Amino acid sequence: MTRRPSRKERKEQIILAAAGMFAEKGYANTLVAEVASAADIGKGTVYEYFRSKDDLFFTVFEYFVEQTRRVAEEALVGAAGKDAAGKLVAYSRAIIAWMAGHRHIYTLSLEFWAASVSASPELRDRFEGSFMETYEAFRKIVADIIQEGMDSGMFQKRVDPRAIASGIMGAWDGLGLQSMFDPAFDIEKTAEAYIKLVINGLMNETT
């Protein structure tokens, strides 16, 4: 007898099916019926979990943000005994590895960014708020690692941790886009070289 999926499993099934459809066809061109078909369920079942296509789209965004956060946090836990440089490398590697593993749906990033400026007012507000919160959360983690390096004497005292963190995050976004457009682009090798260059620039010359 086939086990009936739990509500949590069914919801994730719909989210992943929607992610694939939105990545393939774009948000505006995707029908809820197509998401239901991809998830092998009836269209009505989608509305048992999500109020609207807007709500489903935003939930897909939240799902992938949470996945990225979880992977990055696990990397930091694993790097707990390392110095600031080691933590920064581990954190960057985790995020870039996640991007590389999800290259096939990275076009969703463009859809999410577009929604923050062109979607309905309600959806736009939700995206704007979540983007601000998400960027701030990642920026703070990176800035705290840099501050730790400064406090330990490993990194220079005269740098601005938040400014450096913002630059690193911008680099991650940019590398993700290049990876999406160029299948031959080695995002992991490039990111490794970049983060090590940043670390070298941060290093205290007396250490």
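All values derive from a computational prediction rather than experimental measurement. (Residues numbered from 1 in each chain as written. Predicted model: local features only at pLDDT ≥ 70, side-chain atom pairs only at ≥ 80, totals over all residues. Heavy atoms only, no water.)

Student: When you look at helix α7 (residues 121-152) in this model, what are you seeing that I'm missing?
Tutor: Side chains three or four residues apart in an α-helix point the same way, a direct result of the helix having 3.6 residues per turn. Compared with the 46 Å implied by 1.5 Å per residue over 32 residues, the 46 Å span of α7 between its first and last C-alpha is a close match. One or two positions beyond α7, positive phi appears at Gly 153, with a value near 95 degrees. (Helix = DSSP H or I, 4+ residues; strand = E, 2+ residues; numbered from the N terminus. Expected span 1.5 Å × (residues − 1).)

Student: Before we go on, may I ask you to explain empty space enclosed by the protein in this structure?
Tutor: Summed over all chains, the structure comprises 1 cavity of 30 Å³ or more. The volume enclosed by the largest cavity comes to roughly 500 Å³. Together, 21 residues line the largest cavity, and Val 65, Thr 68, Met 99, Ser 109 and Asp 173 are the ones closest to its centre. When residues of the lining of the largest cavity are traced back to their parent elements, those giving at least two are α4 (53-78), α5 (84-101), α6 (107-118), α7 and α8 (161-181). When the residues that make up the lining of the largest cavity are grouped by side-chain class, the tally is 16 nonpolar, 4 polar and 1 charged. (1 Å grid on protein atoms, 1.4 Å probe; cavity = no way out; pocket = protein on both sides within 12 Å on 5 of 7 lines; lining within 4 Å. Points joined across faces, edges and corners; volume = space filled by probe spheres on them. Nonpolar A, V, L, I, M, F, W, Y, C, P; charged D, E, K, R; others polar.)

Student: Would you mind showing me how to read the packing of aromatic side chains here?
Tutor: The relation between two aromatic rings is expressed through the spacing of the ring centres and the mutual angle of the planes. Evaluation of the coordinates by the stated rule reveals 17 aromatic pairs. Here the aromatic rings of Phe 61 and Phe 131 are separated by 4.9 Å at their centres, their planes lie at 50 degrees, and the arrangement is tilted. With Phe 61 in helix α4 and Phe 131 in helix α7, this pair connects stretches of sequence that are 70 residues apart. You can call Phe 131 buried: its relative accessible area is 13%. Arranged with centres 5.9 Å apart and planes meeting at 70 degrees, the rings of Phe 64 and Trp 98 form a pair that is edge-to-face. Of this pair, Phe 64 sits in helix α4 while Trp 98 sits in helix α5, placing them 34 residues apart in sequence. Comparing Phe 64 with Trp 98, the two get one shared label, buried. Across from the ring centre of Tyr 49, 4.3 Å away, lies the NZ or CZ of Arg 7, which sits over that ring. Sitting above the plane of the Tyr 27 ring, Lys 53 keeps its charged end 4.4 Å from the centroid. (Phe/Tyr/Trp six-rings, centres within 6.5 Å; stacked < 30°, edge-to-face > 60°. Buried < 20%, exposed > 50% of the residue type's maximum accessible area, 1.4 Å probe, protein only. Lys NZ or Arg CZ within 6 Å of the ring centre and 35° of its normal.)

Student: For this particular structure, what's the right way to read the packing of α5 against helix α9 (residues 187-202)?
Tutor: For any two helices packed against each other, one specifies the crossing angle of their axes together with the interaxial distance. Relative orientation of the contacting elements α5 and α9 amounts to 155 degrees, with a least axis distance of 10 Å. Judged by the inter-axis angle, α5 sits roughly antiparallel to α9. Classified by chirality, the crossing of α9 by α5 is right-handed. Listed contacts from α9 to Ala 85, Leu 88, Val 89, Ser 92, Arg 93, Ile 96, Ala 97, Met 99 and Ala 100 of α5 are Ile 187, Glu 188, Ala 191, Glu 192, Ile 195, Lys 196, Ile 199 and Leu 202. Here the contact of α5 with α9 is built from residues that sort into 12 nonpolar, 1 polar and 4 charged. (Axes fitted to C-alpha atoms, helices over the stretch in contact; angles between N-to-C directions. Parallel < 35°, antiparallel > 145°, perpendicular 65-115°, else oblique. Left-handed = near helix turned anticlockwise from the far one by under 90°. Contact = heavy atoms within 4.5 Å.)

Student: It is not clear to me how the pattern of salt bridges should be interpreted in this structure. Could you clarify?
Tutor: For side chains bearing opposite charge, pairing can occur when the charged atoms are close. A complete count under the given rule lists 10 salt bridges for this structure. With its nearest N and O atoms 2.9 Å apart, the salt bridge here joins Arg 139 to Glu 136. With Arg 139 and Glu 136 both in helix α7 and 3 residues apart, the pair spans about one turn of that helix. Given the relative accessible area of 19%, Arg 139 is considered buried. By relative accessible area, Glu 136 is classed as partly exposed at 28%. One continuous salt-bridge network, built from bridges that share partners, spans Arg 51, Asp 55 and Arg 126. (Salt bridge = Lys/Arg side-chain N within 4 Å of Asp/Glu carboxyl O.)

Student: Is there a simple way to think about unusual backbone geometry in this case?
Tutor: Glycine aside, residues mostly have negative phi angles, and peptide bonds mostly take the trans form. With a phi angle near 60 degrees, Asp 40 is a residue other than glycine that sits in the positive phi range. Inspection of the secondary structure puts Asp 40 in the loop between α2 (32-38) and α3 (43-49). With relative accessibility at 68%, the residue Asp 40 sits in the exposed group.

Student: Explanation requested: the environment of Ala 143 in the structure shown.
Tutor: Within the secondary structure layout, Ala 143 lies in helix α7. A relative accessible area of 7% places Ala 143 in the buried class. Measuring from C-alpha to C-alpha, the distance between Ala 143 and Ser 166 comes to 8.4 Å, with 23 residues separating the pair along the chain. Once residues lying within four places of it in the same chain are set aside, the contact partners of Ala 143 are Pro 161, Arg 162 and Ala 165.

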